[in-house]
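Chains, contacts and geometry: an overview
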Amino acid sequence: MNLRAVAVHCIVSVCLSLRNDSAGIMSFRLEIFDGKGKSVLLLENLNGKETILAIKKRIAQKKLHLTVERQSLRTEAKGKNIPNEKTLEDLGLSASNAQLFIKDLGPQIAWKTVFLLEYAGPLFIYPLFYCRPSILYGSGAGTAEVKPAVYLALLAWSFHYAKRIFETLFIHRFSNSTMPLFNLFKNCGYYWGFAAFIAYFVNHPKYSDPILGSAQVYLGLGLFCIAEFGNLSIHILQRNLRPEGTRERKIPRPDGNPMSLLFDYVSCPNYTYEVLSWVGFTIMTQSLPTAVFTAAGFAQMTLWALGKHKNYKKEFPDYPKQRKAILPFVI
């Protein structure tokens, strides 16, 4: 009786195997290596339909320190990160000897947390120089005359970073949920350091009015306000392009808001308006530290814009050819 049961089991197993082969079902054997070529993990009995996200979850179950957010999977040791939605079949890997490489991205922190902290610093640091001059500049600083440009600069600076916090909480939709923890210290160091650097000189008791007086102050303030509205308009448009909870990407186009017409000329008008905001602030304050901050921001945003512009052209064959990255007709 036992021999008969064994024979039946073998026949059924063979039939199922033949059925799976005829249906084109393959069993994947996936080995994960680190960047030095050392085997980290072996996953068997996969069907090839698993997404990269599912593979990351399997890895996290067996390697507890490698949470999903810390993992970057590549087809080559120094290759590019594979999007989470890709499947093993999409990658064209050999079913019998599939290989992927993993990079540990290190401790992670939520994008939203980083943004809130890096923007909260300037929002609180800058007003300290305005509200407590006697502590920072000496006892006589509290009685010094406050120039209109200084007061307007405080309002403009505070509005900008309050706006950034509002956008982080209620407008931005992040394609990635986390970033390396190191970025928190790098970003906060940049924003907090420049906040103190700029505030020290603009709020100094010996600060003098811009060379063209109130006309220059209000010209700079007007440019700042227009650019801030433009930046907010673009962020709202970008939010509406991506349904909540997805990583869907579309070609951004003007939406009827006049400020969005800049999309006809550049791929990243949010950066264009951001730079213009700080150009306006620099004109208003006529401050060298502000000019340095504006130049540094423009350099960084140009790099980001060029990268996004390149990705847009690669992803969308019908992407508008006349667009530049950040400056119309130039860059």
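Everything that follows concerns the structure shown earlier in this document.
Note that the structure is predicted; figures quoted are calculated from it, not measured.

1. Description of the nonpolar core
Among the nonpolar cores identified, the biggest contains 35 residues, and Y126, W157, Y161, I198, F281 and M284 are the most heavily contacted of them. Elements that contribute at least two residues to this core include exactly α3 (111-131), α5 (148-170), α6 (182-202), α7 (214-241) and α8 (269-285). If you tally residues by element for this core, the top one is α5, at nine residues. Core analysis: the second largest hydrophobic core is formed by 18 residues, I52, L73, L100 and I102 among them.

2. Regarding unusual backbone geometry
It is generally the case that most residues other than glycine have a negative phi and that most peptide bonds are trans. Here Q286, not a glycine, exhibits a phi torsion of approximately 45°, which is positive. Positionally, Q286 belongs in the loop between α8 and α9 (288-315). Given the relative accessible area of 41%, Q286 is considered partly exposed. Backbone geometry places F329, a non-glycine residue, at a positive phi of 70°.

3. Comments concerning the packing of aromatic side chains
Under the criterion given, the structure shown has 31 aromatic pairs. Residues Y119 and Y161 carry aromatic rings whose centres are separated by 6.2 Å and whose planes lie at 45° to one another, so their mutual orientation is tilted. You can see Y119 sitting in helix α3 and its partner Y161 sitting in helix α5, a full 42 residues away along the chain. Here Y119 and Y161 have matching classes, each one buried. Centroid distance F194 to F197: 6.3 Å. Interplanar angle 50°. Geometry classified as tilted. Residue F194 and its partner F197 are located together in helix α6, separated by three residues, close to a single helical turn.

4. Focus: the sheet that holds strand β1 (residues 28-33)
Ordered in space as β2-β1-β4-β3, the four strands form an open sheet in which the pairing is mixed. Every other strand in the sheet has two partners, leaving β2 (39-46) and β3 (71-74) as the edge strands with one partner each. Between one strand axis and the next, the sheet turns by 25° as a mean value, whatever way the strands run. Sheet topology places β1 next to strand β4 (residues 98-104); four bridges connect them, and they run parallel.

Thresholds applied
- Residues numbered from 1 in each chain as written.
- Predicted model: local features only at pLDDT ≥ 70, side-chain atom pairs only at ≥ 80, totals over all residues.
- Heavy atoms only, no water.
- Core = buried A, V, L, I, M, F, W, Y, C linked by side-chain atoms within 4.5 Å.
- Buried < 20%, exposed > 50% of the residue type's maximum accessible area, 1.4 Å probe, protein only.
- Helix = DSSP H or I, 4+ residues; strand = E, 2+ residues; numbered from the N terminus.
- Phe/Tyr/Trp six-rings, centres within 6.5 Å; stacked < 30°, edge-to-face > 60°.
- Pairing = 2+ DSSP bridges.
- Axes fitted to C-alpha atoms, helices over the stretch in contact; angles between N-to-C directions.

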